[in-house]
Amino acid sequence: MSAYLIVDLDIRDMNLIEDYRSKALPLVAKTGGRLIALDEAPLELEGWKATNMLIIEFPDKDAIRQLFASPEYAPLVAQRQAAAGSRIIAINGV
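Let us look at the structure shown here. (Residues numbered from 1 in each chain as written. Predicted model: local features only at pLDDT ≥ 70, side-chain atom pairs only at ≥ 80, totals over all residues. Heavy atoms only, no water.)

Quick word on a nonpolar patch on the surface
Inclusion rule: Residues qualify for a patch when their relative accessible area is over 30% and they have no salt bridge, like charges being joined within 9 Å and the nonpolar side chains of Val, Leu, Ile, Met, Phe, Trp and Tyr within 5 Å. Each accessible area is a Shrake-Rupley result for a 1.4 Å probe, and residues are judged covered by the shown protein chains and nothing else. Salt bridge, as used here, is a side-chain nitrogen of Lys or Arg placed within 4 Å of a carboxyl oxygen of Asp or Glu. Here a helix means four or more residues in a row that DSSP labels H or I, a strand means two or more in a row labelled E, and each is numbered from the N terminus.
Together, L25, L35 and L38 line one region of the surface with nonpolar side chains, adding up to about 230 Å² of accessible area. Along the polypeptide, L25 turns up in helix α1 (residues 14–30).

Encoded structure:
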C-alpha cells in the first residue's frame, strides 16, 4: 500500500533548504519515493497554519523508514533542522 510523507517547514534559510533538497531528493528516489506536491503558500482552510508544504509518495511506510534510517540521509537531517523547523508525518494511501 502506498504511503505519503507530509512535511510542513518553517524555513529560516532558503539557500540551505534548497541545498538540502538537491541532496535529499535523489535519496528519496532511491527508496522509491517521488515528490508529488510542493507549495510555498498553502491555502489555509481550517485549523492549520501551514507554511511550506510538500508531499512525497512512497511504495509503503517501510520505504519511508528505510530513508530515515539511511546513513546517507543522517547528515541531511541536521542540515534540514538547521535550515527549518519541521513537522513531518507519514500516512497510508488508500
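After presenting the structure, the write-up continues.
Quick look at the pattern of salt bridges
Definition in use: Using a 1.4 Å probe on the protein chains alone, a residue whose accessible area is under 20% of its type maximum counts as buried, one over 50% counts as exposed, and one in between counts as partly exposed.
As enumerated under the stated definition, the model contains seven salt bridges in all. Between D62 and R65 there is a salt bridge, and its shortest N-O distance comes to 2.9 Å. With D62 and R65 both in helix α2 (residues 61–69) and three residues apart, this pair spans about one turn of that helix. The two residues D62 and R65 agree in class, both being exposed.

Overview of the side chain of E57
So the rule is basically this: As used in this structure description, the phrase polar contact means that two N or O atoms lie within 3.5 Å; if the pair is within protein, one of them must be able to donate a hydrogen and the other to accept it, and residues adjacent in sequence are counted only when both atoms belong to side chains. When checking whether two residues touch, look at their non-hydrogen atoms; a contact exists if any pair is within 4.5 Å.
With respect to the element layout, E57 can be found in strand β3 (residues 52–58). Overall, the relative accessible area of 19% leaves E57 in the buried class. Among the polar contacts made by the side chain of E57, one reaches the side chain of Y4 at a distance of 2.9 Å. With residues near it in sequence (within four places) discarded, E57 still touches S2, A3, Y4, G32, G33, R34 and I36.

Brief notes about the environment of D62
Overall, the relative accessible area of 51% leaves D62 in the exposed class. Side chain to side chain, D62 and R65 meet in a polar contact 2.9 Å long.

Section: helix α3 (residues 74–83)
Worth spelling out the cut-off: The arc under discussion is defined with respect to the helix axis, by the directions toward the C-beta atoms.
Restricting attention to buried positions, one finds in α3 the residues L76, Q79, R80 and A83. For α3, the arc enclosing every buried residue in end-on projection is 100 degrees, short of the 170-degree limit, so these residues lie on one face. Taken together, the buried residues of α3 touch β1 (3–11), α1, α2 and β4 (84–92).

Without other data, these values stay purely geometric and don't point to any function.
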